[in-house]
Amino acid sequence: MAKILIVEDEKAINNLIRKNLEAVGHDCVSVFDGEAVFDALEKQEFDLILLDIMLPKLDGFEVIEHLGDAEIPVIFLTARGSVDDRVRGLKLGADDYITKPFHILELQARVEAVLRRAQKADKSFELGDVRVDLSGRKVYFKGRAVDFTPQEYALIEAFIRNRNIALSRDKLLEIAWGYEFGGDTRTVDAHISRIRKKLQWENVIKTVYKLGYRLEAKK
Ligand code: CA
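In this report, the structure presented in the accompanying data block is examined. (Residues numbered from 1 in each chain as written. Predicted model: local features only at pLDDT ≥ 70, side-chain atom pairs only at ≥ 80, totals over all residues. Heavy atoms only, no water.)

All right, on to the coordination of the calcium ion then. Here the calcium ion is held by the protein donor atoms Asp9 (OD), Asp52 (OD) and Met54 (O), which lie 2.1 to 2.3 Å from it. Read in sequence order, the donor residues coordinating the calcium ion give the pattern D-x42-D-x1-M. Linking Asp9 in the loop between strand 1 (3-7) and helix 1 (11-23) with Met54 in the loop between strand 3 (48-52) and helix 3 (60-67), this pair joins segments that are 45 residues apart in sequence. Residue class for Met54 comes out exposed when judged on its relative accessible area of 67%. (Donors = N, O, S within 2.8 Å, 3.2 Å for Na, K, Ca; no water. Helix = DSSP H or I, 4+ residues; strand = E, 2+ residues; numbered from the N terminus. Buried < 20%, exposed > 50% of the residue type's maximum accessible area, 1.4 Å probe, protein only.)

As enumerated under the stated definition, the model contains 1 aromatic pair in all. Between the NZ or CZ atom of Lys11 and the centre of the ring of Phe32, over which it lies, the distance is 5.5 Å. A cation sits over an aromatic face here: Lys198 above Phe148, 5.2 Å from the ring centre. (Phe/Tyr/Trp six-rings, centres within 6.5 Å; stacked < 30°, edge-to-face > 60°. Lys NZ or Arg CZ within 6 Å of the ring centre and 35° of its normal.)

Here we take up empty space enclosed by the protein. Per the stated rule, a full pass over the model turns up 1 cavity of 30 Å³ or more. Approximately 110 Å³ is the volume attributed to the largest cavity. In terms of lining residues, the largest cavity is bounded by Val24, Leu105, Gln108, Ala109, Glu112, Arg137, Ala154, Glu157, Ala158, Arg161 and Ile175. When residues of the lining of the largest cavity are traced back to their parent elements, those giving at least two are helix 5 (104-117) and helix 6 (150-161). Tallied by class, residues from the lining of the largest cavity come to 6 nonpolar, 1 polar and 4 charged. Inspection of the lining of the largest cavity shows a minimum of three residues originating in each of domain 1 (3-117) and domain 2 (124-215). (1 Å grid on protein atoms, 1.4 Å probe; cavity = no way out; pocket = protein on both sides within 12 Å on 5 of 7 lines; lining within 4 Å. Points joined across faces, edges and corners; volume = space filled by probe spheres on them. Nonpolar A, V, L, I, M, F, W, Y, C, P; charged D, E, K, R; others polar. Domains from an automatic or database assignment.)

For the rest of this paragraph, the subject is the pattern of salt bridges. As enumerated under the stated definition, the model contains 16 salt bridges in all. Salt-bridge contacts for Arg18 lead to Glu22; the nearest nitrogen and oxygen are separated by 3.8 Å. On the criterion of helical spacing, the pair formed by Arg18 and Glu22 is a turn pair, its members being 4 residues apart in helix 1. Note that Arg161 is salt-bridged to Glu157, the shortest N-O span being 3.1 Å. Of the two residues, Arg161 and Glu157 are both situated in helix 6; the distance of 4 residues between them amounts to about one turn of the helix. There is no split in this pair, since Arg161 and Glu157 are both buried. (Salt bridge = Lys/Arg side-chain N within 4 Å of Asp/Glu carboxyl O.)

Right, dumping it as structure tokens:
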């Protein structure tokens, strides 16, 4: 779990990002203009900043220049096609950029990659015969790699990052297919049943009555 500061003046986008990152266990704070970044940084430490470029008061470039030597990874949020913005952002020291509009799985993957480079994310998870390599996004059962679809992997990663916590079917749908996917929660059930079979996890991923599922990983 990382502390992430989301700097985006479009409230709908800011909320969408926050919901999706909180769904995979991160702790997020939203601010809506460039100056508010520095108020937030005075109050607490962050592991990562998601920084829009076009912002009221101070724009994203000014924010990153004001950050100076602060060693917080930054991912820029850029509008489609603005190559100059990306190059300028990376030159100023941004760790990555995401082009809007983006798919939520791409956002989560880039966030995890940057946190991993900054060594703030778990690298692997082991439980019984199962090992999940969170850096390489691979799942092993009794030492052998198991085929996982991107959605199955998104689900297992969410379970691992939120272990021992019940996750609702709606939440899981959001995590694996994106917040705006109008899918059916029965899709989640079908995927969970495949994951249980592949890993012999019938008693590890518990069904939580009327809610959803929970990964039981008590030490
Ligand atoms: Ca903006």
